[in-house]
Amino acid sequence: MQIRQATIHDLDALVPLFDGYRQFYGKPSDPEGARAFLAARFAHHQSVILLASDGQGAGLGFTQLYPLFSSVRMVRTYLLNDMFVSAQARRQGVASALLREAAAHARALGAASLSLSTALDNGPAQALYESLGWQRDREFCEYTLTL
C-alpha cells in the first residue's frame, strides 16, 4: 500500500471512493457531481487529499483535510473532514495508515492539531481514532446552522 498526496490527475481513482463515501452517509450516487466537487477543491487549493492505493495503483481509500486556524491559539489546524476505505480494502490497516499520514502531513506543515467528527453510533471509527491517540472533546459542544 502506498499513501501520497493526490493531485487533479488522480480524479479517476478518487471519484469512485468519494462517491462511495457519500453513499455511506446516505446520499445518492453522483459520480459527475463528485468529480466536479473534487476538481474544484484542487483548482482552488482548498484541501489536501491523501490517497491510499495498492501496488497496481488502484484506489483503496482517501482522506481529505481542510485548513483552519485557531484564533485563540494563533495556530494552523486541519479539519479531517472525509475519510473512506473501499469495502474490499477494509480491515487491512488502510484507515490507520491514512490517519497516521494525515497527522504526519499536518505536522510537517506546522499545524498544531487535527480535528474530526463522526456519527455518535459509529463505534468502530471511534475505537480506531482513540487507539491512535485521538481524544474526544469533553469541553465543547458542536453546533451547526443550516443555511
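See the structure above.
Residues numbered from 1 in each chain as written. Predicted model: local features only at pLDDT ≥ 70, side-chain atom pairs only at ≥ 80, totals over all residues. Heavy atoms only, no water.

A.B. asks: Please provide a residue-by-residue account of the packing of helix α1 (residues 11-24) against helix α2 (residues 31-43), values included.
C.D. replies: Look at α1 against α2: their axes get within 9 Å of each other, and the N-to-C directions meet at 120 degrees. Between α1 and α2, the interaxial angle falls into the category oblique. You can see that α1 and α2 cross each other, and the crossing is right-handed. Side by side, α1 and α2 meet where Leu11, Asp12, Leu14, Val15, Phe18 and Asp19 of the first sit next to Pro31, Ala34, Arg35, Phe37, Leu38, Ala39 and Phe42 of the second. (Axes fitted to C-alpha atoms, helices over the stretch in contact; angles between N-to-C directions. Helix = DSSP H or I, 4+ residues; strand = E, 2+ residues; numbered from the N terminus. Parallel < 35°, antiparallel > 145°, perpendicular 65-115°, else oblique. Left-handed = near helix turned anticlockwise from the far one by under 90°. Contact = heavy atoms within 4.5 Å.)

A.B. asks: Talk me through the nonpolar core; I want residue IDs and the actual numbers.
C.D. replies: A general trend in soluble globular proteins is that nonpolar side chains are found buried together. One finds Leu65, Leu80, Met83, Val94, Leu98, Leu99 and Leu114 to be the most contacted residues of the largest nonpolar core, which totals 22 residues. Tallying contributions element by element places helix α3 (residues 94-108) first for this core, with six residues. Discounting chain neighbours no more than four positions away, the residues touching Leu65 are Ser47, Val48, Leu50, Tyr78, Leu79, Leu80, Ala102, His105 and Leu114. The next biggest cluster of nonpolar side chains, apart from the first, holds 14 residues, and it includes Tyr21, Leu38, Phe42 and Leu51. (Core = buried A, V, L, I, M, F, W, Y, C linked by side-chain atoms within 4.5 Å. Buried < 20%, exposed > 50% of the residue type's maximum accessible area, 1.4 Å probe, protein only.)

A.B. asks: Go over the side chain of Ser86 with me, naming the residues and quoting the values.
C.D. replies: Note on placement: Ser86 falls in the loop between β4 (75-85) and α3. Its relative accessible area of 6% is what places Ser86 among the buried residues. Once you skip the residues sitting within four places of it in the chain, Ser86 turns out to touch Leu17, Gly59 and Leu60.

A.B. asks: Which residues make up the sheet that holds strand β2 (residues 48-53), and what values go with them?
C.D. replies: Pairing is mixed in the open sheet, where five strands are placed in the order β1-β2-β3-β4-β5. Because the sheet does not close on itself, it has two edges, and the strands there are β1 (2-5) and β5 (113-115). Each strand axis lies, on average, 25 degrees off the axis of its neighbour in the sheet, ignoring direction. The sheet contact formed by β2 and strand β3 (residues 59-70) spans six bridges and is antiparallel. Within β3, the position partnered with Ile49 by the bridge is Gln64. Sheet strands in contact with α3 are β1, β2, β3, β4 and β5, and its direction is about 160 degrees off that of β4. (Pairing = 2+ DSSP bridges.)

A.B. asks: How would you explain the pattern of salt bridges if you had to name every residue and give the values?
C.D. replies: Under the defined criterion, the tally for this structure stands at two salt bridges. The partner of Arg4 in a salt bridge is Asp10, and the shortest N-O contact between them spans 2.6 Å. By relative accessible area, which is 30% here, Arg4 ends up partly exposed. Looking at Asp10, the relative accessible area reads 10%, which means it is buried. In this structure, the salt-bridge partner of Arg35 is Asp12, at a minimum N-O distance of 2.7 Å. Residue Arg35 is located in helix α2, and its partner Asp12 is located in helix α1; the two are separated by 23 residues in the primary sequence. Relative accessible area serves as the criterion here: at 34%, Arg35 is assigned to the partly exposed category. (Salt bridge = Lys/Arg side-chain N within 4 Å of Asp/Glu carboxyl O.)

A.B. asks: Quick rundown of unusual backbone geometry? Include the residues and the values.
C.D. replies: Phi is positive for His45, close to 50 degrees, though the residue is something other than glycine. For His45, the position within the fold is in the loop between α2 and β2. For His45, a relative accessible area of 70% corresponds to the exposed category. The phi torsion at Arg91 lies on the positive side, around 65 degrees, for a residue other than glycine. Relative to the elements of secondary structure, Arg91 occurs in the loop between β4 and α3. Residue classification places Arg91 among the exposed residues on the basis of a relative accessible area of 83%.

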